[in-house]
There are 2 protein chains.
Amino acid sequence: MDWLQTFIQQADMKHAFKQASVGIEREGHRITPDGDLALTPHPKKVDGSTTAFYIQRDFAESQLELVTPPSYTSSEVLEWLQAIHEVAIESLDNDERIWPYSMPPKLPNVDQIKVADLEDLDAVAYRDYLVEAYGKQLQMISGIHFNMQISPEFIGKLHQELVEKHDDQRSIKDFQSDFYLRLARNFLRYQWLLVYLFGAAPVADASFYRDKNDTFEQGPVRSIRNSHLGYVNKADVTFTYDNLEDYVAYLEANVANHHLIAEKEFYSNVRLRGAKKARSLLTTGIKYLEFRLLDIQPDAPYGIKASDIDFMKYFILYLIWSDKDSNMDDVRYGIEIKTKVAEEGAFDVTSMQAEGRALLADMQSMLEAIDADQAIIDVTNQMQARIEDPSLTPAAQMMTAMKDIEGYLATGKNFAEKVFQSAWEKPYALGGFEDMELSTQILMFDAIQEGYQFEILDRDDQMLRFSYKGHQEIVKNGNITSKDPYVAHYVMENKVVTKRVLAEAGFNVPQSLEFKDIDQAMKVADLYTDKAFVIKPKSTNMGLGISIFKHGANAAEFKEALEIAFKEDGAVLIEDFAFGTEYRFYVQDGKVLSIVNRIGANVVGDGKSTLEELVALKNQDSKRGHDHRSPLEIIALGAIEVNTLKQQGYDVSSIIPEGEQVFLRENSNISTGGDSIEMLEAMHDSYKEIAVKMAETLQVNITGLDLMILDIDAPATDDNYALIEANFNPMMMMHIYPAFGQGKRITKDLLQFLYPEKTKFTGGTE
Amino acid sequence: MDWLQTFIQQADMKHAFKQASVGIEREGHRITPDGDLALTPHPKKVDGSTTAFYIQRDFAESQLELVTPPSYTSSEVLEWLQAIHEVAIESLDNDERIWPYSMPPKLPNVDQIKVADLEDLDAVAYRDYLVEAYGKQLQMISGIHFNMQISPEFIGKLHQELVEKHDDQRSIKDFQSDFYLRLARNFLRYQWLLVYLFGAAPVADASFYRDKNDTFEQGPVRSIRNSHLGYVNKADVTFTYDNLEDYVAYLEANVANHHLIAEKEFYSNVRLRGAKKARSLLTTGIKYLEFRLLDIQPDAPYGIKASDIDFMKYFILYLIWSDKDSNMDDVRYGIEIKTKVAEEGAFDVTSMQAEGRALLADMQSMLEAIDADQAIIDVTNQMQARIEDPSLTPAAQMMTAMKDIEGYLATGKNFAEKVFQSAWEKPYALGGFEDMELSTQILMFDAIQEGYQFEILDRDDQMLRFSYKGHQEIVKNGNITSKDPYVAHYVMENKVVTKRVLAEAGFNVPQSLEFKDIDQAMKVADLYTDKAFVIKPKSTNMGLGISIFKHGANAAEFKEALEIAFKEDGAVLIEDFAFGTEYRFYVQDGKVLSIVNRIGANVVGDGKSTLEELVALKNQDSKRGHDHRSPLEIIALGAIEVNTLKQQGYDVSSIIPEGEQVFLRENSNISTGGDSIEMLEAMHDSYKEIAVKMAETLQVNITGLDLMILDIDAPATDDNYALIEANFNPMMMMHIYPAFGQGKRITKDLLQFLYPEKTKFTGGTE
């Protein structure tokens with residue numbers, strides 16, 4: 001197959017060859033903070049139904065299965081894996097954690113171990129059978145399943161080459177299946193190498209063993225999971241990877257003869273994927289392969305590291321590249337030595353060292369030939385070192401770290417604790433995607449939790465596409481959706497039009513005059529000599545160029561304010577001043593979901609601490625950070641703050657009396673350290689009704705309305721409130737994570753709005 | 001009422017007092033190019049139904065009534081009046097024009113004069129009665145009706161003042177009606193002044209007179225329309241403006257006694273408005289007044305000038321300001337002298353000169369007191385001059401201009417011709433609103449023509465609000481509407497996402513790779529050594545930073561192109577080049593409405609003319625202009641064009657062989673003189689189906705899709721076309737006014753899309 005390597009080395013094929021996609025399934029048990037297996041049900045905070053996409057249940061009720069979507073780069077796989085782990089961990093009840101090893105934690109009495117409590121009765125029956133056939137303990141082992149699809153473009157071009165130059169008559173579908181079958185056979189032949197390199201199940205707690213004599217004499221091994229004590233079908237199960245027809249026929253015969261209860265009981269380290277039933281593969285062809293032999297890596301917080309994924313991927317590509325073409329005898333030999341290597345002493349040089357050396361050296365040649373990144377060459381170097389020095393293998397490293405078998409449970413518990421703490425460090429963020437907007441991160445968090453599938457269409461653009469039972473919705477920047485009309489955004493962007501439309505509908509809106517030059521504007525100056533009003537640029541967003549006169553202005557003041565405003569915009573508004581306190585109403589689909597009052601950066605005295613100390617204390621809140629990477633901002637003590645204090649007769653060393661609130665900023669922006677305070681429950685309902693009707697009038701479904709309100713306890717009248725601004729794409733974070741009061745999870749409301757057909761998520765499967 | 005003037009002089013009241021709104025109704029007969037009364041039906045191109053808002057029919061089938069919406073400034077009224085006139089004129093069949101005078105053109109035999117052919121049978125019966133009672137000729141007189149509403153805020157504050165400080169017990173509604181009744185009485189008392197100042201019906205064609213003896217001995221008068229030969233009720237019609245109850249009672253009694261066939265037969269120069277039936281006014285109150293005495297001004301292309309409107313408005317305000325409080329005796333006297341002044345010789349000093357002087361002097365005092373603009377003070381000065389010198393009045397001016405009565409028909413015909421030519425000068429623009437975007441102008445044109453009501457919500461923002469039977473729709477920039485989802489705009493803005501979404505759905509889209517730095521991008525350089533491709537910034541709109549390689553590029557060329565692209569944007573796309581010709585598909589609501597091929601600025605030789613001459617000839621097309629103020633742009637002969645010619649071996653003095661097309665630009669932009677060519681009918685239907693499905697996939701209703709197509713005659717295959725770009729808010733002008741081919745009136749399709757409930761407009765009332 002020399003021609004194949006030549007073919008792959010063409011510029012475009014080299015690129016396509018490397019474009020394989022990878023998806024990871026990571027199994028892991030929930031444990032209590034004490035390290036015991038959790039006996040609680042699947043967490044209610046995640047969608048436990050079978051349509052859930054990222055967080056599922058495996059064999060046992062305590063066993064989570066975390067599934068990433070297929071991705072082209074290991075770093076993307078890792079981002080998803082981290083994100084899904086964080087959601088899973090933050091969704092656990094009673095501070096449960098995830099057990100970090102393939103071999104289970106200390107198991108309780110087998111009667112206490114519950115198989116997964118699934119809706120699907122067949123799925124439950126299957127699990128009951130497994131308990132019967134293999135024992136509950138065996139089923140409690142966890143692993144990493146590695147799904148990999150070779151670029152369809154590559155396979156297509158390769159097929160074309162074969163048809164055109166090598167007189168191949170096969171259809172693309174048949175060719176693709178044969179292609180994957182050869183890869184499967186090669187993999188099964190050489191899988192021992194991965195067991196050696198990634199084996200990470202050297203010991204197990206005594207509670208794992210059904211038979212006390214099952215322990216290994218040689219002490220810690222490489223992988224109990226891949227040993228004869230792991231998943232091994234009974235001897236009467238026959239199989240072949242020779243061709244797809246026979247593969248299907250054998251599998252069906254095993255089921256017919258009751259050697260297997262179902263096709264999926266066939267424990268092979270390679271599964272052919274593309275259809276649920278084996279027979280359907282004859283129609284669909286093999287679409288990708290699932291490699292099931294990887295142990296959970298003990299140094300990877302999320303079960304596998306990016307470099308491990310890269311090595312796996314390139315090793316599998318190498319099995320395509322190489323001229324090896326294993327037959328079924330080779331396969332059977334491969335399975336045999338896989339078990340043998342798994343059972344070798346963790347610190348012993350492997351009996352297969354020579355073949356291992358040769359394989360990795362050959363793989364390095366391929367990496368060079370296809371211009372692989374230096375990173376994967378480096379990783380392969382490290383694997384070569386593992387071949388030479390068994391103490392570098394994960395199994396040996398585990399044993400070294402935990403000293404003896406007694407340390408197994410303790411180090412497992414500690415590592416679980418570390419991952420748990422890291423997930424909870426910033427509960428408002430979604431690890432793996434922290435470069436994205438916070439509101440988008442939370443929306444993704446909720447989608448993972450509630451069982452929606454989604455893709456990131458554009459990461460810089462904060463554009464997501466959700467999918468649930470075929471219904472797709474695109475969401476940008478947290479709440480830009482298909483639910484709002486295109487033109488409504490421009491209506492809200494135009495302050496004059498917004499207010500005109502609302503005023504026509506009878507709402508109280510400060511009267512506003514628009515001018516394009518100072519001379520025209522000066523003609524109305526005498527209207528404002530003893531009236532509260534504001535002069536501001538037409539299209540600035542709360543900030544520069546605004547002058548407020550609470551008791552009128554004379555002609556000179558009026559002119560100066562106009563000049564300031566005209567510096568910012570060619571059109572200036574002169575607007576009646578609205579008295580009261582400003583509240584942001586978050587409206588969605590005819591409901592007010594949250595109402596937030598924003599107040600400037602401030603501290604409350606305790607009669608003992610200095611201002612500086614009070615600020616430092618307030619800044620300890622984990623919700624405070626810098627540059628919009630957290631829901632609230634750190635309160636600064638810069639020139640502006642010091643000056644604001646000075647005007648109140650304070651400096652940073654002043655001790656503030658107990659209960660006294662001192663403001664460090666005159667503006668109420670969250671971005672300068674201000675607080676948001678949730679007021680939904682406190683607000684009189686009449687204002688909520690007004691906000692809902694305003695949104696209706698603007699023909700918009702999602703909006704943030706800024707209302708000035710004189711008294712939130714008193715019912716609304718014609719003029720005790722005023723609309724200041726209607727905002728499209730309104731900020732979400734201040735509602736989800738206010739400084740005070742119960743945050744409102746408006747991201748969940750958004751998903752519900754987009755998917756009314758999905759039963760409102762109430763938790764659990766009951 | 002001294003206190004009233006003091007009250008008005010307060011700063012805020014001064015402002016409110018001047019905030020009266022005005023609407024104009026202008027009647028005018030359609031005439032043939034020869035100046036004869038048109039005997040054709042109401043133009044089919046305008047909506048002739050009774051819901052039509054701006055263009056209606058008056059008494060006769062030939063008599064247009066053009067109605068402006070209420071506006072606060074005379075310039076806005078004039079803009080509307082011009083726009084409505086232009087639409088009316090451009091909608092006329094057989095090059096008909098509008099007769100410019102109040103007195104009709106030469107009338108045919110009365111049997112040939114048709115009363116308006118309205119759907120409403122009662123309306124037709126009423127007209128038949130009028131013919132019977134007054135003769136057809138009288139009903140052929142046209143005029144200007146001046147509707148004016150005093151600021152409700154002013155009336156409200158005035159009422160408040162009366163209640164609080166003058167112990168007035170009236171409700172606001174009763175007060176407002178009394179307020180308008182006093183104004184009506186004062187107006188009727190002093191209306192003679194307006195007849196003197198604006199009388200413009202000195203003579204009539206002989207065909208007007210039913211009785212040959214009806215002509216005036218004194219020769220040309222001021223206003224036949226306001227004379228005893230004009231609209232005058234029979235002597236038995238009684239009336240009062242004393243109070244609203246009696247006004248209604250008298251009017252109803254006239255109808256009951258058959259002195260009037262209907263309330264509207266009551267010919268008064270003031271009508272109380274606010275309800276259709278007089279009795280309803282008792283419930284609604286009087287909302288505004290209609291002043292009906294103005295003759296069509298012979299020097300105003302649209303029947304009345306802005307300065308006339310201003311004078312009318314401020315004269316009416318003066319009748320409020322002044323301490324006059326005419327009673328019904330005064331009113332009867334006022335009507336008497338109005339007729340008398342109307343019948344005075346056009347060049348004679350009026351018998352009422354002294355009162356006129358006093359009125360205008362008093363009005364000037366008011367203008368000063370309320371800080372009126374200099375413009376209205378100047379206009380009032382001119383009116384004072386007319387009082388002193390009758391030859392300055394419109395009636396006298398008309399007589400001077402047309403020398404004798406024979407000139408009446410000729411000057412009328414000539415003036416109609418001038419207005420006609422001016423309307424047709426730029427049929428793609430809407431006079432009065434030429435500062436707005438062309439597509440918005442055309443949309444407004446069509447709305448006027450098709451009987452939709454609309455307002456300009458924001459002129460700079462090109463934001464319109466349409467209304468039809470209570471259904472409102474906002475449209476911005478021609479086709480941003482409520483029909484498209486908010487997020488779709490962002491999907492189309494993002495080239496990568498657009499193409500990904502379309503490619504997933506199976507459409508042929510050039511493969512595109514996105515990079516954020518040169519080093520990463522250079523890694524794929526070898527993919528493009530012998531492939532046609534484009535390197536471009538991710539988010540530029542066709543222009544800077546684009547490099548095209550039709551035959552691949554070496555690493556150095558590749559890198560240089562990347563550097564150029566990265567200068568424009570932080571993200572760069574490397575995209576397969578799509579061969580073929582580019583077509584813009586304009587898609588709306590599942591239909592392709594137009595397909596335009598854009599080609600660069602070019603001329604076609606005739607074997608005689610030089611390039612310079614050919615360009616000059618092509619630039620004579622009235623559709624070509626500068627700066628997007630016309631559908632196509634003037635072709636320049638600047639450095640770029642000269643250089644493009646040079647590369648083809650030409651200069652501006654070259655004579656081009658007959659039939660040879662020479663391009664002056666390599667780019668195909670309309671903005672640099674390119675041509676658009678309509679191709680809808682020529683394009684194979686399969687591409688239209690693809691475009692419709694693409695819009696569906698993007699979940700957008702209105703879009704402009706740029707497709708590269710190899711052969712528009714051949715059916716689409718998987719790869720003989722490619723989507724280049726999907727555009728939101730796509731340009732409309734190139735479809736409506738292409739350089740070649742039949743333009744598609746997509747603005748009309750838009751109205752139909754927004755208002756599916758409105759019967760598709762087919763023209764006429766049949």
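Residues numbered from 1 in each chain as written. Chains lettered and ligands numbered in written order. Predicted model: local features only at pLDDT ≥ 70, side-chain atom pairs only at ≥ 80, totals over all residues. Heavy atoms only, no water.

- If you look chain A up in an unreviewed UniProt entry, it shows as Glutathione biosynthesis bifunctional protein GshAB from Aerococcus agrisoli.
- Here is the UniProt Sequence similarities (unreviewed entry) comment for chain A, exactly as written: "In the N-terminal section; belongs to the glutamate--cysteine ligase type 1 family. Type 2 subfamily."
- As stated in UniProt under Subunit (unreviewed entry), the record for chain A gives "Monomer." (UniProt positions renumbered as here; feature names shortened; annotations may be inferred.)

Here's the deal with empty space enclosed by the protein
All names here are of chain A.
Stage number 1. According to the stated counting rule, one finds eight cavities of 30 Å³ or more in the structure shown.
Stage number 2. In this structure, the largest cavity is lined by 14 residues; those nearest its centre are R26, I98, P100, P301 and V419.
Stage number 3. Those elements that provide at least two residues to the lining of the largest cavity are α3 (74-91) and α16 (407-425).
Stage number 4. The dominant element in the lining of the largest cavity, judged by the number of residues it contributes, is α16, at four residues. (1 Å grid on protein atoms, 1.4 Å probe; cavity = no way out; pocket = protein on both sides within 12 Å on 5 of 7 lines; lining within 4 Å. Points joined across faces, edges and corners; volume = space filled by probe spheres on them. Helix = DSSP H or I, 4+ residues; strand = E, 2+ residues; numbered from the N terminus.)

Description of the pattern of salt bridges
Stage number 1. Evaluation of the coordinates by the stated rule reveals 95 salt bridges over all chains.
Stage number 2. For K538(A), the salt bridge goes to E514(A), with nearest N and O atoms at 3.2 Å. Remark: E514(A) occurs in strand β11 (residues 512-515) and K538(A) occurs in the loop between β12 (533-537) and β13 (547-549); sequence separation between them is 24 residues.
Stage number 3. Judged by relative accessible area, K538(A) falls into the buried class, the value being 11%.
Stage number 4. Connected through salt bridges with shared partners, the residues E455(A), R465(A), R500(B) and E504(B) form a single ionic network. (Salt bridge = Lys/Arg side-chain N within 4 Å of Asp/Glu carboxyl O. Buried < 20%, exposed > 50% of the residue type's maximum accessible area, 1.4 Å probe, protein only.)

Side note on the relation of the copies chain A and chain B
Stage number 1. By a simple turn and slide, chain A fits onto chain B: the slide is 0.1 Å along the axis, the RMSD is 0.1 Å, and the turn is 180°. The two molecules are tied by a two-fold rotation axis, judged by turn and shift. Closest to the rotation axis within chain A is the C-alpha of Y486(A), separated from it by 2.0 Å.
Stage number 2. Same-surface contact between copies: 100% of interface residues of chain A are shared with the interface of chain B. (Least-squares fit on C-alpha atoms with pLDDT ≥ 70 in both. Contact = heavy atoms within 4.5 Å.)

Quick look at the sheet that holds strand β12 (residues 533-537) of chain B
Residues and elements named next belong to chain B.
Stage number 1. Reading across from one edge, β11-β14-β12-β13 is the order of the four strands in this open sheet, with antiparallel pairing throughout. Strands with a single pairing partner mark the edges of an open sheet, and in this sheet they are β11 (512-515) and β13 (547-549). Sheet twist, expressed as the mean angle between neighbouring strand axes with direction ignored, is 15°.
Stage number 2. Relative to strand β14 (residues 572-576), β12 runs antiparallel, the two being bridged by five bridges. (Pairing = 2+ DSSP bridges. Axes fitted to C-alpha atoms, helices over the stretch in contact; angles between N-to-C directions.)

Details of a negative patch on the surface
Stage number 1. Side chains of D174(A), D242(A), E245(A) and D246(A) sit close together on the surface and give a patch of like negative charge.
Stage number 2. Following the sequence through the fold, D242(A) ends up in the loop between α8 (192-198) and α9 (244-256). (Patch = residues over 30% accessible without salt bridge, like charges linked within 9 Å, V, L, I, M, F, W, Y side chains within 5 Å. Areas by Shrake-Rupley, 256 points an atom, 1.4 Å probe, with all protein chains shown as cover. Lys, Arg positive; Asp, Glu negative; His and termini not counted. Charge placed at Lys NZ, Arg CZ, Asp CG, Glu CD.)

Considerations on unusual backbone geometry
Residues and elements named next belong to chain B.
Stage number 1. Residue H258 is not a glycine yet carries a positive backbone phi of 60°.
Stage number 2. Mapped onto the elements of the fold, H258 is located in the loop between α9 (244-256) and β6 (270-273).
Stage number 3. Residues other than glycine seldom take positive phi values, yet D627 does so here, at roughly 55°.
Stage number 4. A relative accessible area of 60% means that D627 is categorised as exposed.

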